Amino acid sequence: MNTKHYEMLIVGAGLSGLTAAAYLSLANYSTLVLEKTPTYGGLVNSFSQDGYVFDAGARAIENSGIIKPMLKELDIEMELLESPISIGVESEITQLNSNESIDHYRQALETLYPDNVADVRKIFRVINKVYKEMDVIYGFENPVFKNFRNDRTYLFKELLPWFGRFLLAVSRMERMNEPIETYLRKLSTNQSLNDIIDQHFFKQTPTFFALGYFYVYLDYLYPKGGTGQFPKKLAQKVLENGGEIQVNTKVMKVHPAKKMVQDSNGQNYTYDKLLWCCDLKSLYQSLDTTGLETSVIKSISEQSEKLFTHRGGDSVFSLFLGVDQPPQEFAKITSGHLFYTPSRQGLGETHLSELKTLLAKGQNASKKEIKAWVETYCNLSTYEISIPSLRDKNLSPEGKTGLIISFLFEYDLVRLVHDAGWYDEFKLLVEENMIKTLDRTLFNGLLEEPKLQFSFSPLSIENQFGNSEGGITGWTLEQPSPVVNKLKKIASSVKTAIPDIFQCGQWAYSPAGIPTAILTGWYAADAICAGRKTEQKKQ
Ligand SMILES: Cc1cc2nc3c(=O)[nH]c(=O)nc-3n(C[C@H](O)[C@H](O)[C@H](O)COP(=O)(O)OP(=O)(O)OC[C@H]3O[C@@H](n4cnc5c(N)ncnc54)[C@H](O)[C@@H]3O)c2cc1C
């Protein structure tokens, strides 16, 4: 096979890779995106089955002052539907559609915890404070997507005054970086109340990031046709700009001294710049450092050591259901996107110490013990429930409803069960317990006898996308982070110690998610374009 040459080679067609590709192809660089799976979008993708459209990854997209301005700048048209969030505990369901409705949620918690009204109020005072800071950070259209050089009015009247407030807000938020679990303990000694707040979030989530979700909940949008429309539109833009995207192509080897990569079919590609937009461990695993300077090899091995002592962060178990009930029946209970906890008791020790004990037993943990843990976990955990057809009625067959039901789930437990040889049975067990719990507490028989039922586990995410431990937003949030983790330094997160190789996406910056995947994609493209201009001037 002949070696192919591209100025820009991008590995991974998730949102970060596609964003970078859209900007690099727009700048007229010959650009190729290589993607290991048969489609694009990575952790943001939709698929159809039996007439239902399901979102396999993120269930909605937060604007964050990023999505709309980026679409505008790239001249991409995408219809964005409202996507109101509901939060519920037991029979108290609150729809969040304005700042005031956060107060309704506070009242619901006061009803559920009448002995802790003062604590609830303390917690909500902090939530309101964080909300205001988030409004500064995310409520302004991100200026990176605006060409303001010739717009002095915007520069002096809008951007500069905002930028001062932005820096202050970011500084204040960065000081609230204590894990949410320990922070809440200072506000209330009622573990159940604290659980109900913090079990929505990943383990050790910094307080500002966790409580900032009350702002994010009001900022969610749903692309008409499903979340997968977003990467689809970005990919169309790449192709329109003359870029190429090649699916079913996994990059296996990277040879920086030769500026060459090899894919799973043995095809070689040379590049001017390489941009790695997926799990970073796989980049360092596939590196051939032959021919590099000793100092570079040393920096690479230092970074590699940092990465390999860290793990991918929390993962999810997702259940997909199709039921013979019209969406209107579900609309009586919730909006199309709900975070629901069936019991005010909270996960407490179940999640942490009992799970740790099980995992420590390894293959000696009995099926019976694991089944009992799963049952309790399903009764007490917090669920994310998405009903696409409540946002876009075309996403399920007439008179039927598709649901995506998920919760955070421990990768190590799934791995243990897989290695013990009863993975399929386990998946079914989790599915059945999820259905039983929600049918009893929330849906009142609507989930009985689903016509379509299947699930994806953390292991499915690891296998499909190559994400360490099935991490859905990159690294664990334990400190120190192996990558840049300060918003003010996000621009530098895209650089690597490897010559002509950049990185972006959820493994390049932490804490991550859709907004930072996109921002790092933009910063990587920007850094590459700026660097190329400087190189060209020197020549
Ligand atoms: C269930 C779920 C819910 C979520 N909810 C939210 C949410 O509400 N808000 C939020 O902000 N974020 C959410 N996220 C996280 C968000 O979707 C991700 O952080 C973001 O999409 C990551 O984009 P990325 O481009 O960095 O990586 P990815 O989407 O992981 O893309 C990487 C791509 O690279 C490909 N790849 C990997 N290895 C190779 C290789 N060797 N060669 C070629 N290709 C390769 C993968 O197949 C993949 O397509 C959620 C994720 C999931 C799964």
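From a predicted model like this one, the values you see are computed outputs, not experimental measurements.

(A) Focus on the site of the ligand. Of all residues adjacent to the ligand, which total 38 residues, the nearest are Gly12, Gly14, Gly42, Gly505 and Gly513. Contributions of two or more residues to the shell around the ligand are made by helix H1 (15-26), strand E14 (315-323) and helix H19 (514-538). For the shell around the ligand, the residue count by class is 17 nonpolar, 16 polar and five charged. Lining the shell around the ligand are residues from two domains, each supplying at least three of them: domain 1 (4-46 + 63-79 + 225-311 + 474-538) and domain 3 (314-470).

(B) Spatial organisation of the nonpolar core. Ranked by size, the top nonpolar core spans 148 residues in total, and within it Ile10, Ala20 and Leu275 carry the most contacts. A per-element tally of this core places H19 first, with nine residues. When near neighbours in sequence (up to four residues on either side) are disregarded, Leu275 contacts Met8, Ile10, Ala20, Phe502, Cys504 and Ala524.

(C) Local environment of the sheet that holds strand E9 (residues 220-223). Here we have three strands laid out as an open sheet, ordered E5-E9-E6, and antiparallel in their pairing. Looking at which strands have only one partner, the edges of the open sheet turn out to be strand E5 (61-62) and strand E6 (80-82). Bridge analysis of E6 against E9 gives three bridges, and the strand direction is antiparallel. The residue of E9 that forms the bridge with Leu81 is Tyr222.

(D) Up close: the environment of Pro206. The residue Pro206 is located in the loop between helix H7 (191-198) and helix H8 (207-211) in this model. With 33 residues separating them along the chain, Pro206 and Met173 place their C-alpha atoms 9.4 Å apart. When sequence neighbours within four positions are dropped, the list of residues in contact with Pro206 reads Met176, Asn177, Pro179, Leu477 and Pro511.

(E) Structural context of the packing of helix H6 (residues 180-187) against H7. Two numbers describe how H6 lies on H7: the axes approach to 10 Å, and their chain directions differ by 140°. Judged by the inter-axis angle, H6 sits oblique to H7. When you trace H6 past H7, the crossing you get is right-handed. Contacts between H6 and H7 involve Ile180, Glu181, Leu184 and Arg185 from the first element and Asn194, Ile197 and Asp198 from the second. A per-class count over the contact of H6 with H7 returns three nonpolar, one polar and three charged.

(F) Representation of the sheet that holds strand E7 (residues 85-89). Pairing is mixed in the open sheet, where seven strands are placed in the order E8-E7-E15-E16-E17-E14-E18. At either end of the open sheet lies a strand with only one pairing partner, and these are strand E8 (92-96) and strand E18 (452-456). Averaged over all neighbouring strand pairs, the angle between strand axes comes to 20°, with direction disregarded. Relative to E8, E7 runs antiparallel, the two sharing five bridges. If you follow Gly88 over to E8, its bridge partner there is Ile93. Of the strands in this sheet, E14, strand E17 (401-409) and E18 are in contact with helix H18 (residues 458-465), which crosses E14 at around 100°.

Definitions and limits used
Residues numbered from 1 in each chain as written. Predicted model: local features only at pLDDT ≥ 70, side-chain atom pairs only at ≥ 80, totals over all residues. Near = placed C-beta within 6 Å. Helix = DSSP H or I, 4+ residues; strand = E, 2+ residues; numbered from the N terminus. Nonpolar A, V, L, I, M, F, W, Y, C, P; charged D, E, K, R; others polar. Domains from an automatic or database assignment. Core = buried A, V, L, I, M, F, W, Y, C linked by C-beta atoms within 7 Å. Buried ≥ 20, exposed ≤ 12 C-beta atoms within 10 Å, placed from the backbone. Contact = placed C-beta atoms within 7 Å. Pairing = 2+ DSSP bridges. Axes fitted to C-alpha atoms, helices over the stretch in contact; angles between N-to-C directions. Parallel < 35°, antiparallel > 145°, perpendicular 65-115°, else oblique. Left-handed = near helix turned anticlockwise from the far one by under 90°.

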